[in-house]
Amino acid sequence: MGTMWVNGNIYTMEEEGKTVEAVYTSNGIVHATGTKKEIERFLTSDDSVYDLERSTMFPGFTDSHLHMISLGQAMLRLDLSGCKTALEMIERLKEKARTLKPGQWLLGDGWNENNFPDRKVLSRKELDDIAPNHPVFLTRICRHAALANSKALELANVTMNTPNPQGGMIERDKDGLPTGYLLDQALELVRKVQPKITDDMLRDALDQAVSVMLQKGLTGGHTEDLSYYGSFHRTFQTFQEVIGQKNRLFRVHLLVHHDILSDMRREGWRHGKVNEYLSFGAVKIFADGALGGRTALLREDYSDQPGNSGVAVYTRDQLKALVKCARNEQMPVAIHAIGDLALEHAVEALEQHPPPPGQRDRIIHAQITPPDLVERLKRLPVVLDIQPHFVLSDFPWVKERLADERISHSYAWKTLLSENILCAGGSDAPIEAVDPLQSIQAAVTRKHRGQLGEGYISRERLTPYEAVYLYTVGSAQAAGKEKEFGKIAPGYYADFTILEKDILNMNVEDIANVSVVGTVVHGEFQYHKRRSGH
């Protein structure tokens, strides 16, 4: 039984501006595109016709980089991302603490001192006063820093004598005592003593994430979760149990943290397709931290903190060895690299150990891209996973971190595309909202709605088509699936994002407010706003 999709703006994304009048799908695949008259020839008495009612249909949007289980967990934890002052954060923590049983952990996510007028970061002692009967652990918005109170540090046995773990840092006061501020790998010292998440909680978190992603018009996501919830087996089993079930048709591309690569192989899994909805992608490796916590690895010191140039999670040689290990398994890599020195390390490793023929590597974030590294990137089979919404989250405070010529080649999305470097669009949710329309608007305007001026580093603004390309063709290229996803064309999967308005031809400052009419995966509605039961 097939379906004809007709009476709307149908963008195929095969080239800029290309539309068709109608599409014919069957068994989850696009079989034909063309005029309404051409497609009507395919119809039989068993087929149906879906009237788009002048809405706009794109290939299914795919988030190229996020953490799906973490996204679901964040929805179940205390959300601190909206706090505009330290006092507001304190009051929200006190309110949450009053709802907890004695000894229960107070967990929160998303705080950002750059949103506070005084840039205040709460101390261990202040957290002790807020919740004296609870261990407290609060993850910063970048997820590369966290705050812990005395009870949490005591449970983790973090004292003045605890050495900094490789790739992390325990901030200390003038007496050498931990302040409660932890960076990068130091977070794991506390995480490992937190109550273990149950199987039901894992399933609920993933189910919650898929639900909200479908509502936002996403038909798929590239996610990195497999190393964080007890074991590879347990986490992957959660994906198998949730993804592909009724009303949960969703394309999930799983990045594989290098720590659990051997576990994956031991259980007989390989890079590539698992089933219609699950596939294994690249080996994930962290090269540095984040700009917010000043742990992104820079060639020169931070402008607002002389003597600190960030944190290298691995040395150059260690990073190369990890890439070589992935090559031994015939797999591409996805390297988290935010700072320019981290990017240099990543490029050097990819040059020395290229991927197997036909594969592409990924560099995640690539926020600082100096011209010399852009030239080297152009010669590599690589896709950059960029997060357009970071522009809105990081400016204007990032100009304090990089108060020199570095800022001029940061968040340089237009430059990268003009140099024919492949890019894909993601949110890094739950760090940013898992809403592709917000990110598309951010890429196009580079400013908040209503903000005066031309936007932050306005020459790097993308066109609406380029921004949508990131979430369609770009995401497919990042997964090496550009012949299956990212376009509406014969032989491609029938995954569609249907929007109320044409975001390629409207006031760009209103893109984020456009409603999602429907999300179609494998030819079936997984979310539908207007017509129930369709």
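Residues numbered from 1 in each chain as written. Predicted model: local features only at pLDDT ≥ 70, side-chain atom pairs only at ≥ 80, totals over all residues. Heavy atoms only, no water.

For the rest of this paragraph, the subject is the packing of aromatic side chains. Summed over the entire model, instances satisfying the criterion amount to 19 aromatic pairs. Aromatic pair Tyr24 and Phe42: ring centres 5.5 Å apart, planes at 20°, arrangement stacked. On the criterion of sequence distance, the pair formed by Tyr24 in strand E2 (residues 19-26) and Phe42 in the loop between helix H1 (36-40) and strand E4 (48-51) is long-range, its members being 18 residues apart. Residue classification places Tyr24 among the buried residues on the basis of a relative accessible area of 9%. Note on Phe42: relative accessible area 40%, which makes it partly exposed. Counting every residue linked through ring pairs, the aromatic cluster contains Trp5, Tyr50, Phe496 and Phe525. (Phe/Tyr/Trp six-rings, centres within 6.5 Å; stacked < 30°, edge-to-face > 60°. Helix = DSSP H or I, 4+ residues; strand = E, 2+ residues; numbered from the N terminus. Buried < 20%, exposed > 50% of the residue type's maximum accessible area, 1.4 Å probe, protein only.)

Right, let's get into the pairing of strand E23 (residues 524-528). A regular strand places its side chains so that they alternate between the two faces of the sheet. Pairing of strand E22 (residues 516-521) with E23, which is carried by four bridges, proceeds in the antiparallel orientation. Residue pairing across strands places Thr519 opposite Tyr527, the latter belonging to E23. Taking the residues between adjacent antiparallel strands as the criterion, E22 and E23 are bridged by two residues, where His522 takes a positive phi near 55°. (Pairing = 2+ DSSP bridges.)

In this section: unusual backbone geometry. Note on backbone geometry: most residues besides glycine have negative phi, and most peptide bonds are trans. The linkage connecting Phe395 with the following residue, Pro396, adopts the cis geometry, with an omega of 5°. Mapped onto the elements, Pro396 comes out in the loop between helix H13 (390-394) and helix H14 (398-401). Each neighbour pair has its own omega, and for Ala429 with Pro430 the value is 10°, a cis peptide bond. Unusually for a residue other than glycine, Arg119 sits at a positive phi of about 55°. Relative to the elements of secondary structure, Arg119 occurs in the loop between strand E8 (106-111) and helix H4 (124-130). Arg119 gets classed as partly exposed once you look at its relative accessible area, which sits at 33%. In the Ramachandran plot, Arg294 falls in the positive-phi region, its phi being about 55° despite a non-glycine side chain. Structurally, Arg294 is set in the loop between strand E16 (278-286) and helix H10 (316-328).

The next subject is the packing of H10 against helix H11 (residues 340-352). Interhelical geometry of H10 versus H11 gives an angle of 45° and a closest axis separation of 9 Å. The orientation of H10 relative to H11 falls into the category oblique. Judged by the twist between their axes, the crossing of H10 over H11 is right-handed. Two secondary-structure elements touch here, H10 through Arg316, Leu319, Lys320, Val323 and Arg327 and H11 through Leu341, Glu344, His345, Ala346, Glu348, Ala349, Leu350 and Gln352. Split by residue class, the contact of H10 with H11 holds six nonpolar, two polar and five charged. (Axes fitted to C-alpha atoms, helices over the stretch in contact; angles between N-to-C directions. Parallel < 35°, antiparallel > 145°, perpendicular 65-115°, else oblique. Left-handed = near helix turned anticlockwise from the far one by under 90°. Contact = heavy atoms within 4.5 Å. Nonpolar A, V, L, I, M, F, W, Y, C, P; charged D, E, K, R; others polar.)

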